[in-house]
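Examining the three-dimensional arrangement
Now for the letters of each chain:
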Amino acid sequence: MRAPDDEPAPDDDPPPLPSATRLVETLHRVARPQDRFESARALVLDRSVRLALYVRAPDEIEAVGHALQLCRRLLGHSPELRNHRIADFRLL
């Protein structure tokens, strides 16, 4: 089926790749003191973004919770990540 001529063509262009620097800056901006966020590194590869988050926490469970909360907040505050989802999580 073809779209009528008076309707704009669908936007099939992939979203622009996020900037690793801008993602880390956004993390620093959206982090709250209770997140215990210290620093982060980002790597953008093709269509995936890898983040290494450093958080202070008394145990692994709390560290994972803070890291996931930060990632969810980053997804909500970064237009470049509008089509991204948290797909994998590893504790180092």
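Described below are features of the structure shown in this document. Computed from a predicted structure; not experimentally measured. (Residues numbered from 1 in each chain as written. Predicted model: local features only at pLDDT ≥ 70, side-chain atom pairs only at ≥ 80, totals over all residues. Heavy atoms only, no water.)

What follows concerns the overall build of the protein chain. Scanning the protein chain from N- to C-terminus turns up two helices and two strands. Ordered by position in the sequence, the α and β elements of the protein chain form the string α-β-β-α. Going through the 92 residues of the protein chain one by one, you find that 22% of them count as buried. Partitioning the contacts of the protein chain with sequence separation of at least 6, the portion at a separation of at least 24 is 44%. Here the protein chain has roughly 7,200 Å² of accessible surface; of this, 51% comes from carbon and sulfur atoms. (Helix = DSSP H or I, 4+ residues; strand = E, 2+ residues; numbered from the N terminus. Buried < 20%, exposed > 50% of the residue type's maximum accessible area, 1.4 Å probe, protein only. Contact = heavy atoms within 4.5 Å. Areas by Shrake-Rupley, 256 points an atom, 1.4 Å probe, with all protein chains shown as cover.)

Moving on to the environment of Tyr 54. As for its position among the elements, Tyr 54 is in strand S2 (residues 48–55). You can call Tyr 54 partly exposed: its relative accessible area is 42%. C-alpha of Tyr 54 to C-alpha of Ala 40: the two residues are 14 residues apart in sequence and 5.9 Å apart in space. Apart from residues lying up to four places away in sequence, Tyr 54 is in contact with Arg 36, Phe 37, Glu 38, Ser 39, Ala 40 and Arg 41.

With that settled, the discussion passes to helix H1 (residues 20–30). Residues of H1 that are buried include every one of Leu 23, Val 24, Thr 26, Leu 27 and Val 30, and no others. Burial along H1 is one-sided: seen end-on, the buried residues are contained in an arc of 160°. Opposite the buried face of H1, at more than 90 degrees from it, the exposed residues are Thr 21 and Arg 29. (Arc of directions from axis to C-beta.)

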